[in-house]
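# Coordinates in review
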Amino acid sequence: MEEQKDGAKRGGGTVRSLNLPIGFRFRPTDEELLAHYLSRKIFSMPLPALIIPEILDIFDSFPSDLPAGDLREKRYFFSKANGDINSKGCSRLISGKDCSGYWKAVGQGQLIVVPISGSAISDQQQQRLLLGMKKALRFYQATRSGYLTTRWIMHQYSLVTISPSDQNVNMMQVGDWSIFRIYQKKLLISKNVRTKSNGFAEQCKIKTNTRKRLFNEVLKDKEVLI
């Protein structure tokens, strides 16, 4: 795996432009991101590959302005930022090249757990180990009439531990680093649009075949024997 450093600085962190082998795709699972990358980053252990760049504050840049990788692919970043999420689940306003917007939390978050191997109990009773938490955010872009929902999605992965306090079980983040995965959600074509498209295609096919058959008959009628 080749790594090419361009020495660029973004958000106070060094950004590395990766030159990956042809056909290579970095598609880790949630468990792999937490166990093999984030935990090693937090505890200063060697990483499996230097493929995730560091950005001090990922909430300082517009999604499309973030470096490293293809905008059509999922991009991953190490960052210490939490976005200053307010009580409504919204981050501070971010300014891009031509527009601005903000991130808004979606849902309550998802706990990432893995089963503990080697236990002699059934699968239903098997103990599970808490690795971390995954939070989802969507980007809203500013317009003249308000804010428009975009296709930009961000997942924040953090190591967490259970911290009992005052008889309540709370989640406490471990370390300062988090992994952020950013991508654009694909456009979905509604069922009605697909039905209309298929119907239009069938009509075109019928007309084409009809015209072709009539044209061949005309040619046959006008054949001249020599």
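This is a predicted model, so every value here is computed, not measured.

### Comments concerning the pattern of salt bridges
Overall, the coordinates contain six salt bridges when judged by the stated rule. With its nearest N and O atoms 2.4 Å apart, the salt bridge here joins D57 to R92. Separated by 35 residues along the polypeptide, D57 in the loop between α1 (30-42) and β3 (75-79) and R92 in the loop between β3 and β4 (94-95) bring together distant segments of the chain. Ionic pairing is found between R92 and D84, a salt bridge with its closest N-O pair at 3.1 Å. Beyond isolated ion pairs, a larger network of salt bridges with shared partners links D57, D60, D84 and R92.

### Things to note about the packing of aromatic side chains
Any two aromatic rings considered together are summarised by their centre-to-centre distance and by the angle between their planes. A full pass over the atoms with the stated rule returns eight aromatic pairs. With a centroid separation of 5.6 Å and an interplanar angle of 80°, the aromatic rings of F26 and Y37 are classed as edge-to-face. Remark: Y37 occurs in helix α1 and F26 occurs in the loop between β2 (13-19) and α1; sequence separation between them is 11 residues. Residues F26 and Y37 agree in their burial class; the two are buried. A centroid spacing of 6.3 Å and a plane angle of 75° characterise the contact between F78 and W177, whose relative ring orientation is edge-to-face. Of this pair, F78 sits in strand β3 while W177 sits in the loop between β8 (168-173) and β9 (178-184), and the two are 99 residues apart along the sequence. Each member of the pair, F78 as well as W177, carries the same accessibility label: buried. An aromatic cluster of at least three residues, connected via ring pairs, comprises F26, Y37 and Y76.

Calculation criteria
Throughout, residues of each chain are indexed from 1 in the direction in which the sequence is written. Totals for whole chains, interfaces and linings use all residues, but because this is a predicted model, local features are given only for residues with pLDDT of at least 70 and pairs of side-chain atoms are given and counted only at 80 or more. With hydrogens and water set aside, each side-chain value is computed from the structure's full complement of heavy atoms. Salt bridge, as applied in this entry: a Lys or Arg side-chain nitrogen positioned within 4 Å of an Asp or Glu carboxyl oxygen. Numbering goes from the N terminus for both helices and strands, where a helix is a DSSP run of H or I of at least four residues and a strand is a run of E of at least two. Between 30 and 60 degrees the pair is tilted, below 30 it is stacked and above 60 it is edge-to-face, where a pair is any two Phe, Tyr or Trp rings, Trp via its six-membered ring, whose centres lie within 6.5 Å. Burial here depends on accessible area, computed with a 1.4 Å probe over protein chains only, as a share of the maximum for the residue type. Under 20% is buried, over 50% is exposed, and the range in between is partly exposed.

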